[in-house]
Amino acid sequence: MDERSALATLAATLPAAGDDAAVVDGLAVTTDMLHERSDFPTGTTRRTAGWRAVGASLSDLAAMGAEATCAVAVYAAPEFDEAELSAFVGGAVEVCELVGAEYVGGDLDEHTEFTTATTAVGRVDEAIYRDGATPGETVCVTGELGRTAAGLRRFATGDAESGNDLFQFTPRVAAGRALRGHASAMMDSSDGLARSLHQLAEASGCGFSIEWDRLPVHPAVDAVAEDETDRRECAAHVGEDFELVFTTPDPEAAIAAVEATGTAATAIGDVTGAGVTAGGEALPDRGYTHGDN
């Protein structure tokens with residue numbers, strides 16, 4: 001099975017699974033695993049790895065509208081280097097501090113490949129799930145798309161400094177909290193905008209129609225994209241941007257609520273009855289899948 005088939009199988013037997021985080025008695029919890037070969041390009045610093053790994057779990061809390069409380073991580077490597085371990089923890093602490101959470105430690109293990117597993121915990125009274133979108137609503141995104149795609153291109157050219165900078169993102173925890181009472185459905189864009197739209201459509205039993213010229217694309221993409229087709233690829237299909245994709249019946253109020261937290265939000269299209277299109281053409285269900293790299 002591929003990752004999505006495996007998740008579908010688990011969701012059939014685990015009622016709390018299927019969204020970005022599980023919510024039990026007001027407690028939101030999520031966990032992720034990242035590997036050196038598939039998730040951290042050559043040149044990725046341990047500080048960036050700690051930031052990005054813990055940030056990915058914090059982003060899952062954001063997608064539920066939860067307040068982030070704390071995070072832990074497993075750090076596994078062929079050997080323990082004091083400078084690398086300290087840098088990893090430093091990145092984890094910094095990204096937690098950005099969202100008002102606390103990094104409280106974890107576990108150490110030996111492994112043939114640098115690997116980290118992270119868990120984040122938060123609290124939420126009324127979570128935002130993926131299944132509430134209704135035709136006639138508006139679909140929006142926070143921030144800018146394509147940041148990770150640009151980072152990957154920078155790493156590939158040997159510009160590790162720019163690559164690390166682009167890989168250190170701010171989890172949209174504050175924006176997620178602000179969207180409680182405004183968003184009808186929400187998830188993060190870790191698998192890419194296109195795949196996120198397909199997942200929301202499947203969960204809500206609806207469709208989406210978006211317009212390419214309305215997508216907020218990170219300025220770093222324009223410096224690396226070969227043409228407009230490549231620019232769209234970076235924005236919609238590469239993934240791991242960790243922005244929030246949400247639907248709302250009142251986009252003006254929802255966008256204002258997000259912008260009050262210091263984060264931009266953009267309406268990119270409409271919720272429809274069926275199908276996922278961009279610019280009037282079918283948008284392929286293609287994005288980031290664990291193990292692709």
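Residues numbered from 1 in each chain as written. Predicted model: local features only at pLDDT ≥ 70, side-chain atom pairs only at ≥ 80, totals over all residues. Heavy atoms only, no water.

The name an unreviewed UniProt entry assigns to the chain is Thiamine-monophosphate kinase, from the organism Halolamina litorea. Per UniProt, the comment on the chain under Catalytic activity (unreviewed entry) is "thiamine phosphate + ATP = thiamine diphosphate + ADP". Regarding the chain, the UniProt comment filed under Sequence similarities (unreviewed entry) reads as follows: "Belongs to the thiamine-monophosphate kinase family." (UniProt positions renumbered as here; feature names shortened; annotations may be inferred.)

J.: Which residues make up the overall build of the chain, and what values do they have?
T.: Within the chain one finds 11 helices and 12 strands. In terms of overall dimensions, the chain is globule-like: its C-alpha atoms have a radius of gyration of 18 Å, near the 19 Å expected for 293 residues. Overall size of the chain, expressed as C-alpha extent along the three principal axes, is 55 × 50 × 40 Å. Counting across all 293 residues of the chain, residues that qualify as buried make up 50%. Summed over all atoms, the accessible surface of the chain reaches about 12,800 Å², with 48% contributed by carbon and sulfur. (Helix = DSSP H or I, 4+ residues; strand = E, 2+ residues; numbered from the N terminus. Rg over C-alpha atoms; globule rule 2.2 N^0.38 Å. Buried < 20%, exposed > 50% of the residue type's maximum accessible area, 1.4 Å probe, protein only. Areas by Shrake-Rupley, 256 points an atom, 1.4 Å probe, with all protein chains shown as cover.)

J.: With reference to specific residues and values, describe the pairing of strand E6 (residues 138-142).
T.: Summarising burial for E6: 5 of the 5 residues are buried, a large majority. Alternating residues of E6 divide into Thr138, Cys140 and Thr142 and Val139 and Val141, and every residue in both groups is buried.

J.: Lay out the packing of aromatic side chains with the relevant residues and their values.
T.: Under the definition given, this model contains 7 aromatic pairs. Ring geometry for Tyr75 against Phe114: centres 5.3 Å apart, planes inclined by 55°, an arrangement best described as tilted. In this pair, Tyr75 is assigned in strand E3 (residues 67-77) and Phe114 in the loop between strand E4 (102-110) and strand E5 (115-123), connecting sequence segments 39 residues apart. For the pair Tyr75 and Phe114, a shared accessibility class is recorded, and that class is buried. Aromatic pair Phe155 and Phe167: ring centres 5.1 Å apart, planes at 75°, arrangement edge-to-face. In this pair, Phe155 is assigned in helix H5 (residues 147-156) and Phe167 in helix H6 (residues 160-167), connecting sequence segments 12 residues apart. For the pair Phe155 and Phe167, one class covers both residues: buried. Connected via pairs of aromatic rings, a cluster forms that spans Phe40, Tyr75, Phe80, Phe88 and Phe114. Here Arg46 stacks its cationic end above the ring of Phe114, 3.8 Å away from the centre of that ring. (Phe/Tyr/Trp six-rings, centres within 6.5 Å; stacked < 30°, edge-to-face > 60°. Lys NZ or Arg CZ within 6 Å of the ring centre and 35° of its normal.)

J.: Describe the domain arrangement of the chain, listing the residues and the values that go with them.
T.: Domain annotation of the chain identifies domain 1 (3-123) and domain 2 (138-282). Each of domain 1 and domain 2 has a C-alpha centre, and the two are 21 Å apart. Here domain 1 is connected to domain 2 by 1 salt bridge. A salt bridge links Glu240 to Arg52, with the nearest nitrogen and oxygen atoms 3.8 Å apart. (Domains from an automatic or database assignment. Salt bridge = Lys/Arg side-chain N within 4 Å of Asp/Glu carboxyl O.)

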